[in-house]
Amino acid sequence: MTLVYGLAVLAVLVPLVTVPVLASRWASAVDTGRTAERVRVALAGLTAAFGRVGAALVVLLAGSAAIITVCWPLGEAISRLEPHVDHPVFDYVHARRVDAWADVNLFISPIGDRYPLKWVTVVAAIFFAVAWRRRRWWIPLVAMPLQFVVEQYTQEILKVVVDRGHPPTDLGTYPSGGCARVLMTFGTVLVLAALTWRLPRRVLIGLVTALAVLVSVEGYTRIYAEKHWLTDVFGGWFFGTLLTGVMVLAVLVADGRVRPPAEPVAAPDDRVLTGT
């Protein structure tokens, strides 16, 4: 029983400790690396060809298709772990289930349901549209509902093509939509907030860390409430992280925040200098 509660503590502590460390060490390296430069070159070409809105739409659609391509075989591989990983974990938790702790988890877990996140989506869309009234106000008004729809249908495609089944106590399947929705919805809210106000680096890292803790806790509650297999939750975290990254990039492209790399300064022609 101690292990069950210890995992609840770890669900908070692990992202609380690791996310700030990773953000401080890797953020600048990722932003200035060769991959980032190649992405900027590609996005500059897309923007030149289709405009900011068209390029953002290409990023979102192509990124979603790529995520399905990656997560489909991952789901098939995860399904093979069900007898060896998911069933033992499920049986262990079920045998040590405590009603009072189950009630706490059942109270927290619906944060990832579609109904409450619909309201978060609507309120955030209106709020940021008003906050952006002197600039591209339509971006949050489109981005917030669009992230909700993209997550829902991308997850549904994976659910159908993988078709791995669900625990005997609920209908949750691969990938965990609750984990992905929390990350996708609040991740989009976070990037809109960062574009609205000049948030200090520490504040931004703190908000990202808080979101990571929320997503981690959501995954724990989905397992303890017996709504998902363990590997569904890991799949939901992976799927949600990729999809949120694509959505954030699409918003940045639409708002013109992804600048092409600076052109290298050409060396002067010696023949011009010498007059030959």
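Rules and cut-offs
Residues numbered from 1 in each chain as written. Predicted model: local features only at pLDDT ≥ 70, side-chain atom pairs only at ≥ 80, totals over all residues. Heavy atoms only, no water. Salt bridge = Lys/Arg side-chain N within 4 Å of Asp/Glu carboxyl O. Helix = DSSP H or I, 4+ residues; strand = E, 2+ residues; numbered from the N terminus. Polar contact = N/O pair within 3.5 Å; in protein donor to acceptor, adjacent residues only side chain to side chain. Contact = heavy atoms within 4.5 Å. Core = buried A, V, L, I, M, F, W, Y, C linked by side-chain atoms within 4.5 Å. Buried < 20%, exposed > 50% of the residue type's maximum accessible area, 1.4 Å probe, protein only. Phe/Tyr/Trp six-rings, centres within 6.5 Å; stacked < 30°, edge-to-face > 60°. Lys NZ or Arg CZ within 6 Å of the ring centre and 35° of its normal. Disulfide = S-S within 2.5 Å. pLDDT = per-residue confidence, 0-100.

### Description of the pattern of salt bridges
Move 1: In this structure the tally under the stated criterion is 10 salt bridges.
Move 2: Among the ionic pairs, arginine 257 bridges to aspartate 255, the shortest N-O distance being 2.9 Å.
Move 3: If you follow the salt bridges from partner to partner, you end up with Glu82, Asp86, Arg164 and Asp232 in one network.

### Some details on the environment of tyrosine 115
Move 1: Mapped onto the secondary structure, tyrosine 115 falls in helix α5 (residues 114-131).
Move 2: Within the local environment of tyrosine 115, its side chain forms a polar contact with the side chain of tryptophan 119, the two groups lying 3.2 Å apart.

### Considerations on the side chain of glutamate 226
Move 1: Considering the arrangement of structural elements, one finds glutamate 226 in the loop between α8 (201-224) and α9 (230-254).
Move 2: One polar contact links glutamate 226 to histidine 94, side chain to side chain, over a distance of 2.7 Å.
Move 3: Not counting residues up to four positions away in its chain, the partners in contact with glutamate 226 are Phe90, His94, Arg97, Pro167, Thr169 and Asp170.

### Structural notes on the nonpolar core
Move 1: Counting residues in each nonpolar core, the largest one holds 34 residues, and the members touching the most others are Leu192, Phe239 and Val251.
Move 2: When contributions to this core are tallied by element, the ones reaching two or more residues are α2 (34-79), α5, α6 (138-162), α7 (177-196) and α9.
Move 3: With nine residues, α2 is the largest single contributor of residues to this core.
Move 4: Contacts of phenylalanine 239, omitting those with residues within four sequence positions, involve Ile67, Cys71, Glu151, Thr154, Gln155, Leu158, Pro175 and Ala180.
Move 5: In this structure, Val4, Ala11, Val93 and Tyr220 belong to the second largest nonpolar core, which totals seven residues.

### Remarks on the packing of aromatic side chains
Move 1: Across all of its chains, the model carries nine aromatic pairs by this definition.
Move 2: For the pair tyrosine 5 and tryptophan 101, a centre-to-centre distance of 5.5 Å together with 70° between the ring planes defines the contact as edge-to-face. Placement of tyrosine 5 in helix α1 (residues 2-32) and of tryptophan 101 in helix α4 (residues 99-108) is noted, with a sequence separation of 96 residues between them.
Move 3: For tyrosine 5, a relative accessible area of 33% gives the class partly exposed.
Move 4: Since its relative accessible area comes to 24%, tryptophan 101 is described here as partly exposed.
Move 5: Measuring from centroid to centroid gives 6.2 Å for tyrosine 220 and tyrosine 224, while their planes differ by 15°, and the two rings are stacked. One end of the pair, tyrosine 220, and the other, tyrosine 224, are both in helix α8, four residues apart, so they sit about a helical turn from each other. Per residue, the accessibility class of tyrosine 220 equals that of tyrosine 224, and both read buried.
Move 6: Each residue in the set Tyr5, Trp101, Tyr220 and Tyr224 is aromatic and connected to the rest through ring pairs, giving one cluster.
Move 7: Positioned above the aromatic ring of tryptophan 132, the side-chain terminus of arginine 135 is 4.0 Å from the ring centre.

### Remarks on the environment of arginine 259
Move 1: Along the chain, arginine 259 turns up in the loop between α9 and α10 (270-274).
Move 2: Taking relative accessible area as the criterion, arginine 259 reaches 58% and is therefore assigned exposed.
Move 3: Considered as a pair, arginine 259 and arginine 40 are 219 residues apart in the sequence and their alpha carbons are 6.6 Å apart.

### Let's talk about the state of the cysteines
Move 1: One pass over the structure, following the stated rule, counts zero disulfides.
Move 2: We note that cysteine 71 lacks a disulfide partner, and the nearest cysteine sulfur, in cysteine 179, lies 13 Å from it.
Move 3: Under the relative-accessibility criterion, cysteine 179 is labelled buried at 0%.

### A word on the confidence of the model for the protein chain
Move 1: The share of residues in the protein chain with pLDDT of 70 or more is 91%, and the mean pLDDT across the chain is 90.
Move 2: Overall, residues 264-276 carries pLDDT values under 50, and its contacts beyond four positions in sequence, including any with other chains, amount to two contacts.

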